[in-house]
Amino acid sequence: MSSSFKLDRNNNIINNSNFILVSYKAALIQDIKTRLYMYKGEYVYNKNLGIDYIDYMSKNNEQGLLAAIQSRILEDSRVSNVTFETAKESNNLKVILTITGGEEVSFELD
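The following refers to the structure shown. (Residues numbered from 1 in each chain as written. Predicted model: local features only at pLDDT ≥ 70, side-chain atom pairs only at ≥ 80, totals over all residues. Heavy atoms only, no water.)

## A short note on the environment of E103
Thought 1: As for its placement among the helices and strands, E103 is situated in the loop between strand 4 (93-99) and strand 5 (104-109).
Thought 2: E103 gets classed as partly exposed once you look at its relative accessible area, which sits at 32%.
Thought 3: Ignoring any residue separated from it by four or fewer positions in sequence, one finds E103 in contact with Y24, K25, L97 and T98. (Helix = DSSP H or I, 4+ residues; strand = E, 2+ residues; numbered from the N terminus. Buried < 20%, exposed > 50% of the residue type's maximum accessible area, 1.4 Å probe, protein only. Contact = heavy atoms within 4.5 Å.)

## A few points about the pattern of salt bridges
Opposite charge on two side chains permits them to pair, given that their charged atoms come into close proximity.
Thought 1: For the structure on display, the rule yields 6 salt bridges.
Thought 2: A salt bridge links R78 to D31; the shortest N-O distance between them is 3.0 Å. Separated by 47 residues along the polypeptide, R78 in the loop between helix 3 (62-74) and strand 3 (79-86) and D31 in helix 1 (residues 24-36) bring together distant segments of the chain.
Thought 3: Judged by its relative accessible area of 21%, D31 falls in the partly exposed class.
Thought 4: Close ionic contact of D55 with K59 constitutes a salt bridge, the shortest N to O distance being 3.2 Å.
Thought 5: One salt-bridge network, held together by shared partners, links D31, D76 and R78. (Salt bridge = Lys/Arg side-chain N within 4 Å of Asp/Glu carboxyl O.)

## Observations concerning the pairing of strand 5
Thought 1: Of the two faces of strand 5, the one lined by V105, F107 and L109 is fully buried and the one lined by E104, S106 and E108 carries no buried residue.
Thought 2: As judged from the 6 bridges shared by strand 4 and strand 5, these two strands associate in the antiparallel manner. Within strand 5, the position partnered with T98 by the bridge is E104.
Thought 3: Here strand 4 folds back onto strand 5 in antiparallel fashion, the turn holding 4 residues, of which G102 has a positive phi close to 95°. (Pairing = 2+ DSSP bridges.)

## Points about helix 3
Thought 1: Here helix 3 contains 13 residues, and its C-alpha end-to-end distance of 18 Å stays within 8% of the 18 Å for a straight helix at 1.5 Å per residue.
Thought 2: When we look at burial in helix 3, the residues that qualify are G64, L65, L66, A68, I69, R72 and I73.
Thought 3: Buried residues along helix 3 sit in contact with helix 1, helix 2 (53-58), strand 3 and strand 4. (Expected span 1.5 Å × (residues − 1).)

## As for the environment of S90
Thought 1: Within the fold, S90 resides in the loop between strand 3 and strand 4.
Thought 2: For S90, a relative accessible area of 29% gives the class partly exposed.
Thought 3: Sequence separation of S90 and S106 is 16 residues, and the distance between their C-alpha atoms is 16 Å.

## Comments concerning the sheet that holds strand 5
Two strands in a sheet stick together by hydrogen bonds in their backbones, pointing the same way (parallel) or opposite ways (antiparallel).
Thought 1: Strand order in this open sheet of 3 strands is 3-4-5, and the pairing throughout is antiparallel. Looking along the sheet, the strands with just one partner apiece sit at the ends: strand 3 and strand 5. Taking the axes of each pair of neighbouring strands and ignoring which way they run, one obtains an average angle of 25° across the sheet.
Thought 2: Relative to strand 4, strand 3 is paired through 7 bridges, and the arrangement is antiparallel. Opposite T86, over in strand 4, you have L93 as the bridge partner.
Thought 3: Packing of helix 1 onto the sheet brings it into contact with strand 3, strand 4 and strand 5, and relative to strand 5 it is tilted by some 40°.
Thought 4: The strands that helix 3 touches are strand 3 and strand 4; relative to strand 3, the one it contacts most, it runs at about 150°. (Axes fitted to C-alpha atoms, helices over the stretch in contact; angles between N-to-C directions.)

Honestly, that's just the spatial picture; any functional story needs more than this.
Written out as structure tokens, the structure is:
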């Protein structure tokens, strides 16, 4: 597993006179969330990167959106499988990853 700089909620690198690193599962979750929060067209060097959330939402295409999220996650070589759980009482999507070592990692998207 790799390491990443720790980011705050706005995707800014946290710097308290020293950079803070996260590794293993925390790095994977942070990297996947960063990948998923990128809107299509946002990255100036490749306008095709990201997910066109507005298009999926305007067409009420939940299955297409979940497929796009799954595809984007599977672009990360550390992930071998992705499943989702939704809870009726919240608007969050629980993402369950199986990493290449066979372990499960889960987190919620809001």
